[in-house]
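This is what each chain is made of:
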Amino acid sequence: MKGIVFLTPKDARYGFSLAGVTQIVVEVREAEAALETLLADLAAGVLVIDERLLEEMGEERFRERERRWPGVLLILPAPSGEEEREGDYFERLIRRALGYHVRLK
């Protein structure tokens, strides 16, 4: 079974790991090397990278890696920092705990 790995900056260090998901925390300058290491790991089937980590790498180089890797490679939008007024209490609680709003369907 392939795993899901989240690659995030330090300000999101407690979000996904608290939910029991593999999370690797890196600086922006380390993101590209960390991504290459994860792409070589056969245990990972889905890699999710915080969009703030793409600053130095650039989206075009990221997309090239996405095309050549057989797994699923996703960009996670950065949190907006604004509390939304809509949504129920559970969604707000999850967003606050994880630092992201994740909706699975």
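Here the residue numbers are simple positions, counted from 1 along each chain's written sequence. pLDDT decides what is reported in this predicted model: residues at 70 or higher carry local features, side-chain atom pairs at 80 or more are listed and counted, and totals for whole chains, interfaces and linings draw on all residues regardless. Only hydrogens and water are set aside; all other atoms, that is, all heavy atoms of the structure, feed into the side-chain values.

## Focus: the environment of Phe6
Think of it this way: any DSSP run of H or I at least four residues long counts as a helix, any run of E at least two long counts as a strand, and we number them from the N terminus. Relative to the assigned elements, Phe6 resides in strand S1 (residues 3–8). Only protein chains enter the accessibility calculation, which uses a 1.4 Å probe. A residue is then buried if its area is under 20% of the maximum for its type, exposed if over 50%, and partly exposed in between. Taking the relative accessible area as the measure of exposure, Phe6 reaches 11% and is therefore buried. Considering only alpha carbons, one finds Phe6 and Leu74, 68 residues apart in sequence, at a separation of 9.4 Å.

## Let's talk about the packing of aromatic side chains
Pairing of aromatic side chains requires ring centres within 6.5 Å, counting the rings of Phe and Tyr and the six-membered ring of Trp. Pairs whose planes differ by under 30 degrees are stacked, by over 60 edge-to-face, and all others tilted. Scanning the model with the defined rule gives 1 aromatic pair in all. Seen in terms of ring centroids, Phe6 and Phe16 are 3.8 Å apart; in terms of plane orientation they differ by 10 degrees. Their pairing is stacked. Taken together, the residues Phe6 in strand S1 and Phe16 in helix H1 (residues 15–18) connect sequence positions 10 residues apart. Under the relative-accessibility criterion, Phe16 is labelled buried at 4%.

## Description of the pairing of S1
Of the pairings in the sheet, the one linking S1 to strand S3 (residues 44–50) comprises 5 bridges and is parallel in character. By the bridge assignment, Phe6 is partnered in S3 with Val48. The pairing of S1 with strand S2 (residues 22–25) spans 4 bridges and is classified as parallel. The residue bridging Phe6 from the neighbouring strand is Gln23, located in S2. Pairing between strands is defined by DSSP: at least two bridges between the two strands are required.

## Some thoughts on the sheet that holds S1
Read across the sheet, 4 strands follow the order S2-S1-S3-S4 without closing on themselves; strand pairing throughout is parallel. Looking at the sheet topology across the chains shown, the edges are occupied by S2 and strand S4 (72–76). Direction aside, neighbouring strands of the sheet carry axes that sit 20 degrees apart on average. As paired strands, S3 and S4 are joined by 5 bridges and run parallel to one another. If you follow Val48 over to S4, its bridge partner there is Leu74. Contact criterion: two residues are considered in contact whenever any of their non-hydrogen atoms come within 4.5 Å of each other. Inter-axis angles, ranging from 0 to 180 degrees, are taken between N-to-C directions of lines fitted to C-alpha atoms, where helices are fitted over the stretch in contact. Contacts between helix H2 (residues 31–40) and the sheet are confined to S1, S2, S3 and S4, with S1 contributing the most and set at about 175 degrees to the helix. Running at roughly 155 degrees to S4, helix H3 (residues 59–68) makes contact with S3 and S4 of the sheet.

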